[in-house]
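Reading the structure
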Amino acid sequence: MAKAPVLTPRADDFPRWYQDLINKAELADNGPVRGTMVIRPYGYGLWERMQAEMDARIKETGTQNAYFPLLIPQSYFAKEADHVEGFAPELAVVTHGGGKELEEPAVVRPTSEMIINDYFSKWVQSYRDLPLLINQWANVVRWELRPRLFLRTTEFLWQEGHTAHATHEEARDFAAHIQSEVYGDFLRNVLAMDFVSGRKTVKERFAGAINTLTLESMMGDGKALQMVTSHELGQNFAKAFNTSYLSKDGKQELVWQTSWGSTTRMIGALVMTHGDDNGLRVPPRLAQIQVVVLAIKGDEAVLAKVREIGDRLKAAGIRVQVDDRTDTPFGRRAVDWELKGVPVRIEIGPRDLENGTAMLARRIPGGKEPVGVESLVELLPGILEEDQALLLEQSRARRESRTTEVSTIEEAVEAAADGWARIPWAVLGEAGETKLAERSLTVRCLLAEDGSVPVDEDAPGNVAIVARAY
C-alpha cells in the first residue's frame, strides 16, 4: 500500500496544503478567540529575521523607532472622514474598564495615523523639526470575518512608518523610496520573492490617502497577495490635527505626510510562494537555520564529529543547528527539517565517518550528494547563494508564465482563473473594475506602459493587473 503523503498535495487542495504546512512545520496555531493566532517559535523566528532585515533598511532612511499606545480615544476617528469610514467595519472598541463603563470608548489600534498625528501636531513647530520620520513595531487588531493564519487574522504583528515633510514633493519621493529601497529590496534580496510595483486605483487606495503604492506577488496557485503598501497622505491628516510648521519665510504651513507598513502576512506569502509538496523552502538569507547537521546514529564518534562540524560552520558565519537527538528516528527528523524548509542538511553516520564524507541534502533544488567533510566550510556559502537565486528565478518565472495580455473584460476574467491578466486601463476603467468585483476579481495595481509606477491613475498607456487575491 502506498504511503500517505505528509501534506495534502498542492494540486489537490491548495488551501488544505497551506493549513497542513502551517501546522506540521510548527509555524502557528489558532488562538482561543476566533481570528487570533499563536505564532510558534519556528514561525516567530522567521518574523524576527524579517524584522531585523527590514529594521536595518528602515533606519538607513533616517527613520527612528518609537511606540504609541494600543488604545486610542474613539473621538480621534471622527477627525478624518475617509479614514474612519474605511476602518469602521473592522474596529474593536473597549467600552468598559476597571468594572465600570468608560467615559469615552477606546478603539484597539487598527492603525496609528490618528494617535501619531495627535503627537506630530505637538512635536512639529518649525521647519527645523522636519522631516519627522517615525516607525513603530507593534500589534494591531482589525475584526476579520474570514480569518486564515498569517494571511488574515484579527490580531497581527507589523511595522508602521509615519512621516511628516515640508513639501508634497518630499513626501511623494519618500513614500516611493520606502517602496523601492526598503520593501522592494527586502522582498527581492531576502525573501527571494518576485513582485510588480504599482499604484492602487482610487477604489483600492488606503482610506485617507491621496495615493497608495503597492508591491504585489503571485502565489503558487496563481492568486495575488498584496505584500506591502506605502501611502501618500497628502495634507488630509495635517488638516484634521492642525499639524503645521513655521516656514523659513515665516508662514504657517501644513505638513505633507506618508505612512507605510508590512505585516506577518509575509510569513504566509513565504509559504505560498516557495513551499512545495514536501513543505516549506526558506530562502537562505532569511533562514534562522541555514544548515542543520544531523547525526544518523548515536555513535560517540559520530556525535563528536557532528558537533565539531557545527562549531566550524558557526565560526564561519553560517547559521547552523546540530541535531544529535538520536533517540528520535533519523527518518522522522529528516522529514521534520524538510517540512521546515531548512536550506541544507548535512547527514553523518558511521560509514560517512570512515570515508571522511558527509551526505549533503539541498532542500531548494532537491537532491543529495556525498561531499568531503573538510570542504564543507568552503562549499556551503556558494551553495546557499545559488539556492537563494534559484528561488527568485522560480518566483519570477511563475509570474511571467502565468500573466496574460488581454484586451477585453471577459478575457481578463478567463486569464485570472489561473493567474494574472494585464489589460489597458483605458479599456477597463472604473466601470470595468466594478464589473470585475462582481466576479470576485480586483485590480491589484496600475502600471505604466513601460512597467514602472504611473505618475497618476489616468496617465496614457497605464495597464491594470487583474487577479483573484488573498
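Residues numbered from 1 in each chain as written. Predicted model: local features only at pLDDT ≥ 70, side-chain atom pairs only at ≥ 80, totals over all residues. Heavy atoms only, no water.

Quick notes on the layout of surface pockets
Put simply, the test is: A 1.4 Å probe that fits into a set of points on a 1 Å grid over the protein atoms alone but cannot get out defines a cavity; an open set with protein on both sides within 12 Å along at least five of seven lines defines a pocket, and lining residues are those with an atom within 4 Å of a point. Grid points are joined across faces, edges and corners, and a volume is the space filled by probe spheres set on the points. A run of H or I in DSSP counts as a helix once it spans at least four residues, and a run of E counts as a strand once it spans at least two, with each numbered from the N terminus. Residue polarity follows a fixed list, in which Ala, Val, Leu, Ile, Met, Phe, Trp, Tyr, Cys and Pro are nonpolar, Asp, Glu, Lys and Arg are charged, and the others, Gly among them, are polar.
Of the pockets and cavities examined, the largest pocket occupies roughly 1,600 Å³. Every residue lining the largest pocket is counted, 48 residues in all, and those nearest its centre are Glu 90, Arg 142, Arg 152, Gln 226 and Arg 265. Taken together, the elements giving at least two residues each to the lining of the largest pocket come down to helix H3 (81–87), strand E8 (155–165), strand E11 (224–234), strand E14 (256–263) and strand E22 (442–447). Residues that form the lining of the largest pocket fall into these classes: 16 nonpolar, 16 polar and 16 charged. Of the pockets and cavities examined, the second largest pocket occupies roughly 340 Å³. Lining the second largest pocket are 19 residues, with Ala 176, Asn 211, Leu 213, Val 453 and Pro 454 positioned closest to its centre. Those elements that provide at least two residues to the lining of the second largest pocket are helix H5 (168–189), strand E9 (196–199) and strand E10 (211–218). Looking at the lining of the second largest pocket residue by residue, the classes come out as nine nonpolar, six polar and four charged.

A closer look at the sheet that holds strand E16 (residues 320–323)
The criterion, for reference: When DSSP locates at least two bridges between a pair of strands, those strands are taken to pair. Structural elements are reduced to axes, namely lines fitted to C-alpha atoms, with helices fitted over the stretch in contact, and the angle between N-to-C directions of any two is expressed from 0 to 180 degrees. Residues are treated as being in contact if the distance between any of their heavy atoms lies within 4.5 Å.
Pairing is mixed across the open sheet formed by five strands, whose spatial order is E16-E15-E17-E18-E19. A single partner strand is all that each edge strand has here, and the edge strands are E16 and strand E19 (368–372). Looking at each pair of strands side by side, their axes are set apart by 25° on average, direction ignored. Relative to strand E17 (residues 344–348), strand E15 (residues 291–295) runs parallel, the two sharing five bridges. When the bridges of E17 are listed, Ala 295 appears paired with Ile 348. Across the face of the sheet, helix H8 (residues 300–315) comes into contact with E15, E16 and E17 while running at roughly 170° to E15. Along the sheet face, helix H11 (residues 376–401) touches E15, E17, strand E18 (357–362) and E19 and points at about 10° away from the line of E18.

Points about the sheet that holds strand E4 (residues 71–73)
The antiparallel open sheet is built from three strands, whose spatial order is E4-E6-E5. With partners counted over all chains shown, the strands left at the sheet margins are E4 and strand E5 (92–97), one partner each. Averaged over all pairs of adjacent strands, the angle between strand axes in this sheet comes to 50°, irrespective of strand direction. Relative to strand E6 (residues 100–108), E5 runs antiparallel, the two being bridged by five bridges. Among the inter-strand pairings, Val 93 is bridged to a residue of E6, identified as Val 107.

Overview of the environment of Ile 296
By secondary structure assignment, the location of Ile 296 is in the loop between E15 and H8. Distance in space between the C-alpha atoms of Ile 296 and Lys 340 is 19 Å, their sequence separation being 44 residues. If we skip the residues at most four places from it in the chain, Ile 296 touches Phe 330, Arg 333, Glu 347, Ile 348, Gly 349 and Asp 352.

Regarding the packing of H8 against H11
Think of two packed helices as two axes; the pair is described by the angle between the axes and how far apart they sit. Worth spelling out the cut-off: Angular relationships are summarised with four words: roughly parallel below 35 degrees, roughly antiparallel beyond 145, roughly perpendicular across 65 to 115, and oblique for the angles in between. Put simply, a crossing is left-handed when the front helix is turned counterclockwise from the back one by less than a right angle, and right-handed when it is turned clockwise.
Packing of H8 against H11 brings their axes to within 10 Å, and their N-to-C directions diverge by 55°. When the interaxial angle is binned, H8 and H11 end up oblique. Pair H8 / H11 crosses with right-handed handedness. Along the contact surface, H8 presents Ile 309, Arg 312 and Leu 313, while H11 presents Leu 376, Val 377 and Leu 380. Looking at the contact of H8 with H11 residue by residue, the classes come out as five nonpolar, no polar and one charged.

What about the packing of aromatic side chains?
Put simply, the rule is: In this scheme Phe, Tyr and Trp rings, the latter by its six-membered ring, pair at centre separations within 6.5 Å, and the angle between planes marks the pair as stacked below 30 degrees, edge-to-face above 60, and tilted otherwise. Only protein chains enter the accessibility calculation, which uses a 1.4 Å probe. A residue is then buried if its area is under 20% of the maximum for its type, exposed if over 50%, and partly exposed in between.
The final tally for this structure, using the stated rule, is nine aromatic pairs. With centroids separated by 6.2 Å and ring planes inclined at 70°, the aromatic side chains of Tyr 76 and Phe 241 adopt a geometry described as edge-to-face. In this pair, Tyr 76 sits in the loop between E4 and H3 while Phe 241 sits in helix H6 (residues 236–241), placing the two residues 165 residues apart along the sequence. In this structure Phe 241 comes out as buried when scored by relative accessible area, which is 7%.

A short note on a nonpolar patch on the surface
Definition in use: Residues enter patches when they are more than 30% accessible in relative terms and free of salt bridges; like-charged ones are connected within 9 Å and nonpolar ones (Val, Leu, Ile, Met, Phe, Trp, Tyr) within 5 Å. Areas reported as accessible are Shrake-Rupley estimates using a 1.4 Å probe. Residue values count occlusion only from the protein chains shown. Any Lys or Arg side-chain nitrogen found within 4 Å of a carboxyl oxygen on Asp or Glu counts as a salt bridge.
Taken together, the side chains of Tyr 67, Leu 70 and Leu 71 define a hydrophobic patch exposed on the protein surface, amounting to about 290 Å² of accessible area. Note on placement: Leu 71 falls in strand E4. Here Leu 71 falls in the partly exposed class, since its relative accessible area comes to 44%.

As for H8
As a reminder, the rule being used: One less than the number of residues in a helix, times 1.5 Å, gives the span that helix is expected to have. Arc definition: directions from the helix axis to the C-beta atoms.
In this model, H8 (16 residues) spans 23 Å end to end at C-alpha, consistent with the 22 Å of a helix rising 1.5 Å per residue. Within the span of H8, buried status applies to Val 302, Leu 303, Val 306, Ile 309, Gly 310 and Leu 313. Looking down the long axis of H8, one finds its buried residues gathered within 125° of arc, a one-sided arrangement. More than 90 degrees from the buried face of H8, the exposed residues found are Glu 300, Asp 311 and Ala 315. On its buried side, H8 packs onto E15, E16, E17, helix H10 (350–355) and H11. At the C-terminal side of H8, Gly 317 shows a positive phi close to 90°.

Comments concerning the nonpolar core
Condition: Residues grouped as a nonpolar core are buried Ala, Val, Leu, Ile, Met, Phe, Trp, Tyr and Cys residues, joined through side-chain atoms within 4.5 Å.
Within the largest apolar cluster, 54 residues are counted, with the highest numbers of intra-cluster contacts made by Leu 27, Phe 150, Leu 191 and Met 266. Of all the secondary structure elements, the ones that give two or more residues to this core are helix H1 (14–24), helix H2 (41–60), strand E7 (132–141), H5, E11, helix H7 (265–274), E15 and helix H9 (330–340). When sequence neighbours within four positions are dropped, the list of residues in contact with Leu 27 reads Leu 21, Ile 22, Val 38, Ile 39, Arg 40, Tyr 42, Gly 43, Leu 46, Phe 150, Val 271 and Leu 280.

Considerations on the pairing of E6
As paired strands, E4 and E6 are joined by three bridges and run antiparallel to one another. If you follow Pro 73 over to E6, its bridge partner there is Ala 106. Hairpin geometry of E5 and E6 is characterised by an intervening segment of two residues between the two adjacent antiparallel strands and by a positive phi of about 60° at Gly 98.

Quick look at the pattern of salt bridges
By the definition in use, this model includes 31 salt bridges. The shortest N-O distance in the salt bridge between Glu 26 and Arg 40 comes to 3.9 Å. One end of the pair, Glu 26, is in the loop between H1 and strand E1 (28–30); the other, Arg 40, is in the loop between strand E2 (37–39) and H2, with 14 residues separating them in the sequence. Since its relative accessible area comes to 33%, Glu 26 is described here as partly exposed. Its salt-bridge partner being Asp 173, residue Arg 172 comes within 3.1 Å of it at the nearest N-O pair. A residue is classified by how much of its surface remains accessible, and Arg 172, at 38% relative accessible area, is partly exposed. Overall, the relative accessible area of 44% leaves Asp 173 in the partly exposed class. In this structure, a network of salt bridges that share partners links the residues Arg 49, Glu 53, Arg 57 and Asp 185.

Shape descriptors only; they carry no functional weight alone.
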